[in-house]
Amino acid sequence: MKILVPVKRVVDYNVKVRVKADQTGVDLANVKMALNPFCEIAVEEAVRLKEAGIATEVIVVSIGPATAQEQLRTALALGADRAVLLETELSVDSLQVAKLLAQLVRQEQPGLVILGKQAIDSDNNQTAQMLAALTGMGQGTFASKVVVTGNTVAVTREIDGGLQTVSLKLPAIVSTDLRLNEPRYASLPNIMKAKKKPLEVIAADSLGVSLASNVKVLKVTTPSSRQAGIKVDSVDALVEKLKQEAKVI
Ligand code: AMP
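Small disclaimer: the values here were computed from a predicted structure and weren't measured.

Calculation notes
Residues numbered from 1 in each chain as written. Predicted model: local features only at pLDDT ≥ 70, side-chain atom pairs only at ≥ 80, totals over all residues. Heavy atoms only, no water. Pairing = 2+ DSSP bridges. Helix = DSSP H or I, 4+ residues; strand = E, 2+ residues; numbered from the N terminus. Axes fitted to C-alpha atoms, helices over the stretch in contact; angles between N-to-C directions. Contact = heavy atoms within 4.5 Å. Patch = residues over 30% accessible without salt bridge, like charges linked within 9 Å, V, L, I, M, F, W, Y side chains within 5 Å. Areas by Shrake-Rupley, 256 points an atom, 1.4 Å probe, with all protein chains shown as cover. Salt bridge = Lys/Arg side-chain N within 4 Å of Asp/Glu carboxyl O. 1 Å grid on protein atoms, 1.4 Å probe; cavity = no way out; pocket = protein on both sides within 12 Å on 5 of 7 lines; lining within 4 Å. Points joined across faces, edges and corners; volume = space filled by probe spheres on them. Nonpolar A, V, L, I, M, F, W, Y, C, P; charged D, E, K, R; others polar. Buried < 20%, exposed > 50% of the residue type's maximum accessible area, 1.4 Å probe, protein only.

1. Quick notes on the sheet that holds strand S11 (residues 199-203)
Hydrogen bonds between backbone groups are what pair the strands of a sheet, and the pairing can be parallel or antiparallel. Here we have nine strands laid out as an open sheet, ordered S9-S8-S7-S10-S6-S1-S4-S5-S11, and mixed in their pairing. Edge positions in the open sheet fall to strand S9 (162-169) and S11, since each of these has one partner strand only. Here the average twist between neighbouring strands, direction ignored, is 30°. Inspection of the sheet shows strand S1 (residues 2-6) paired to strand S6 (residues 112-116) by two bridges, in the parallel sense. Residue Ile3 lies in a different strand from S6, and its bridge partner there is Leu112. In the packing of helix H1 (residues 37-51) onto the sheet, the strands contacted are S1, strand S4 (57-64), S6, strand S7 (138-149) and strand S10 (172-176), and the crossing angle to S6 comes to about 150°. Packing of helix H2 (residues 69-77) onto the sheet brings it into contact with S4, strand S5 (82-87) and S11, and relative to S5 it is tilted by some 165°.

Right under this line is the structure:
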């Protein structure tokens, strides 16, 4: 069984992003980029399934600029077998990404597609769901446990106030939550080996999917800064302020 893992290049989660002066987005000049953390968990899960003898091949795919090859190489160093870059300099939104992935699913016929639940830049949390709709596959989103048995996969999902386990017929779509696994670090020998693994670059606009976006970002702003706190002398003063000023009790 092949596993397809879509991975996104995003601003590293340690970076404090700056909003551009014209409010059209965040400033990406000289900013450290990385593999989206939820995608890293997806790669780890796929590699573990291969190590357990359940998967035969792990293919990572990214849709984005030529520089996204860096993140594909990272995923190869973490254990993926080969990579595909659907290259475009356009900023594509989730529907275009899902349509491009659906094309690749048709070509590659994976038994499982494991995505991150969310890309930490746009926070959309919708590509896995859209891909499920476009391909007609069952979906197990926000997975904290994935067990493949025969031609089914049991996915334990993190839902409000508890866990839900669903059984999906393969091929299926899974999106990863934080607690699914703890991704490994890429060792130096594996980083070196990854340089020799196959990475195919395909022009995204050659797949017959319109890359024109239906979504226009009107503006991006920073959260308003919090007012400085104050110290009160006594519990009575605190209660008084909570009653009279904050009006929360
Ligand atoms: P989103 O729905 O945008 O929050 O992203 C959820 C997941 O979809 C990500 O964790 C990736 O697995 C996948 N994804 C989103 N955008 C891309 C992209 N440009 N290239 C590859 N995978 C993507």
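What follows picks up the thread again.
2. Considerations on a nonpolar patch on the surface
Residues Val235, Val239, Val248 and Ile249 make up a contiguous nonpolar surface patch of roughly 380 Å² in combined accessible area. Looking at where Val239 falls in the secondary structure, it is placed in helix H6 (residues 235-244).

3. Quick notes on the layout of surface pockets
Empty space among the atoms becomes apparent when a probe as large as a water molecule is rolled across them. Considering only enclosed or pocket space, the second largest pocket measures out at about 650 Å³ in volume. Forming the walls of the second largest pocket are 27 residues, and the residues nearest its centre are Tyr13, Leu35, Glu40, Arg184 and Tyr185. Put simply, the parts of the chain that give the lining of the second largest pocket at least two residues each are strand S2 (9-11), strand S3 (33-35), H1 and H2. Among the elements that take part in the lining of the second largest pocket, H2 stands out by supplying five residues, more than any other. Partitioning the lining of the second largest pocket into residue classes produces 15 nonpolar, four polar and eight charged.

4. Quick notes on unusual backbone geometry
In this chain, Leu170 is followed by Pro171 through a cis amide linkage whose omega measures 0°. If you trace the backbone, Pro171 turns up in the loop between S9 and S10. Located in the positive-phi region is Asn30, a residue other than glycine, with phi close to 55°. With a phi close to 50°, Asn125 is a non-glycine residue in the positive phi region. In this structure, Asn125 sits in the loop between S6 and helix H4 (127-135). By relative accessible area, which is 26% here, Asn125 ends up partly exposed.

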